[in-house]
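Spelled out from the first residue to the last, the chains are:
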Amino acid sequence: MMRFWKRAARVLLASALLAQCIIPRCRAAVWDEGDIFKGCGEMCVALTFDDGPHETKTYEILDILDKYGVAATFFMIGENVSLYPDVARSVAERGHEIGNHTYSHAYLSDASFETAAMEIEMCEDILYTTVGEVPHILRPPGGIYGSAAIEAARTFCDIVVLWSIDTRDWDHASTEKIVNTVEKNVRGGDIILMHDYVSGTSHTAEVLDIIIPLLLSQGYTFVTVSDMYLNYR
């Protein structure tokens with residue numbers, strides 16, 4: 001019975017999202033195959049963080065976001081949620097959006113429908129159990145996907161979210177390089193890809209302490225992916 005109500009809630013939420021999205025004027029070829037979202041809007045930016053939660057790095061990022069009163073979107077790996085449930089709960093409790101990044105960080109380019117659906121649902125279930133939320137947005141690891149993955153996302157009423165600026169923090173880019181990448185390329189409606197877990201050295205938190213006040217001073221507003229999706233006109 002609980003599974004039924006989870007599905008019913010998901011369908012209602014997804015229907016509301018789809019009903020309110022305005023496709024024209026969105027930046028960067030926003031839609032592909034009908035439900036691949038890359039960002040749209042005017043003078044708003046969405047910060048997104050993949051691959052967490054992490055026992056220490058996620059908290060560092062949360063503290064910077066709190067410092068500036070900024071909300072962001074965290075695409076979580078199910079296995080990491082099971083390892084660090086308290087961190088996942090902290091992300092939700094601090095008012096940030098949580099998205100699905102598959103259970104095991106599975107690349108979905110050649111995945112069968114069954115494999116993609118299993119990865120999506122297992123991540124969904126651990127998030128529901130841990131934070132009491134059913135995510136309605138999915139970011140495929142690496143931003144790669146096949147037709148079966150898209151069909152699986154549709155089955156779960158997930159909106160597939162990509163990005164328009166890759167900071168390459170995952171490649172251990174320096175603080176200066178990441179800041180320059182954002183500053184030179186940012187435009188209204190961008191979804192910025194970052195990570196709250198990177199193997200080895202990560203400059204993500206210190207970058208945030210630079211780019212957030214910089215973009216605020218330029219008139220940008222920070223929103224979650226769903227806020228951008230729902231409110232753009």
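Scroll up a little and you will see the structure.
Residues numbered from 1 in each chain as written. Predicted model: local features only at pLDDT ≥ 70, side-chain atom pairs only at ≥ 80, totals over all residues. Heavy atoms only, no water.

Participant: So, the overall build of the protein: which residues are in play, and what are the values?
Facilitator: Secondary structure summary: the protein contains nine helices and nine strands in total. Sequence-distant contacts, at least 24 apart, represent 78% of the contacts inside the protein between residues at least 6 apart. Surface exposure of the protein reaches about 10000 Å², of which carbon and sulfur atoms provide 54%. (Helix = DSSP H or I, 4+ residues; strand = E, 2+ residues; numbered from the N terminus. Contact = heavy atoms within 4.5 Å. Areas by Shrake-Rupley, 256 points an atom, 1.4 Å probe, with all protein chains shown as cover.)

Participant: I'd like a rundown of the pairing of strand β8 (residues 191-195), residues and numbers included.
Facilitator: Counting buried residues along β8, five of its five residues qualify, which places the element largely inside the surrounding structure. Alternating residues of β8 divide into I191, L193 and H195 and I192 and M194, and every residue in both groups is buried. With five bridges connecting them, strand β2 (residues 44-52) and β8 associate as parallel partners. Opposite A46, over in β8, you have I191 as the bridge partner. The sheet contact formed by strand β7 (residues 165-166) and β8 spans two bridges and is parallel. Note on β8: the bridge partner recorded for D166 is L193. (Buried < 20%, exposed > 50% of the residue type's maximum accessible area, 1.4 Å probe, protein only. Pairing = 2+ DSSP bridges.)

Participant: Residue-level account of the pattern of salt bridges, with values.
Facilitator: What the rule picks out here adds up to seven salt bridges. A salt bridge links R139 to D50, with the shortest nitrogen-to-oxygen separation between them at 2.9 Å. Residue R139 is located in the loop between β5 (137-138) and α6 (147-155), and its partner D50 is located in strand β2; the two are separated by 89 residues in the primary sequence. Exposure class is identical for R139 and D50. Each is buried. One salt bridge connects K67 with D209, and the closest N-O pair in it is separated by 3.1 Å. On the criterion of sequence distance, the pair formed by K67 in helix α2 (residues 57-68) and D209 in helix α8 (residues 204-217) is long-range, its members being 142 residues apart. Look at D209 and you get partly exposed, because its relative accessible area is 27%. Sharing partners across several salt bridges, the network here consists of D63, D66 and R94. (Salt bridge = Lys/Arg side-chain N within 4 Å of Asp/Glu carboxyl O.)

These figures capture arrangement, not role.
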